[in-house]
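Architecture at a glance
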Amino acid sequence: MEQTLIWEPLAPGGWRLCDSRYPAGQVQRLVAYVERGERGGYEAVWIARRSAPTWHTSRADVLREARRNAGSVVPTAADAELHEAVAFTASSTSDRHRVLAA
């Protein structure tokens, strides 16, 4: 199935790159966060990839990278189930630092 990528604006110069085959709120929808650099170019932070952010000369280059790496960019159903199964609650410890526990 072809990935249908769309840009969702976050702020001036910032977007979420999303796969519109999935409804809003579903983990598979989010592909990357993309931000325009101060001196040009675009930095992409890929959600399902365990790597450093990538740098691109244009938004079209970001799209090409997303399509080229669709297998490693789009989270799997197992990832979605894990994400939905984890709930965080505040810890009841008296430590002055706030700790989140699964």
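Structure's up top.
Residues numbered from 1 in each chain as written. Predicted model: local features only at pLDDT ≥ 70, side-chain atom pairs only at ≥ 80, totals over all residues. Heavy atoms only, no water.

1. A short note on the pattern of salt bridges
- Following the criterion strictly, the structure yields six salt bridges and no others.
- Residues Arg29 and Glu8 are paired through a salt bridge, measuring 2.7 Å at the closest nitrogen-oxygen approach. Taken as a pair, Arg29 in the loop between strand S2 (14-19) and strand S3 (30-36) and Glu8 in strand S1 (residues 5-11) lie far apart in primary sequence, 21 residues in all. Judged on exposure class, the residue Arg29 and its partner Glu8 are both buried. (Salt bridge = Lys/Arg side-chain N within 4 Å of Asp/Glu carboxyl O. Helix = DSSP H or I, 4+ residues; strand = E, 2+ residues; numbered from the N terminus. Buried < 20%, exposed > 50% of the residue type's maximum accessible area, 1.4 Å probe, protein only.)

2. What to know about the nonpolar core
- Within the largest apolar cluster, 13 residues are counted, with the highest numbers of intra-cluster contacts made by Trp7, Leu17, Val31, Val34, Trp46 and Val62.
- Of all the elements in the fold, those that place two or more residues in this core are S1, S2, S3, strand S4 (42-46) and helix H1 (59-68).
- For Leu17, the contacting residues outside a window of four places in its chain are Leu5, Ile6, Trp7, Arg29, Leu30, Val31, Ala32, Val34, Trp46, Val62, Leu63 and Ala66. (Core = buried A, V, L, I, M, F, W, Y, C linked by side-chain atoms within 4.5 Å. Contact = heavy atoms within 4.5 Å.)

3. Description of the side chain of Arg29
- Owing to a relative accessible area of 14%, Arg29 belongs among the buried residues under this scheme.
- Other than its neighbours up to four places away in sequence, Arg29 contacts Ile6, Glu8, Leu17, Cys18, Asp19, Ser20, Tyr22, Pro23 and Ala24.

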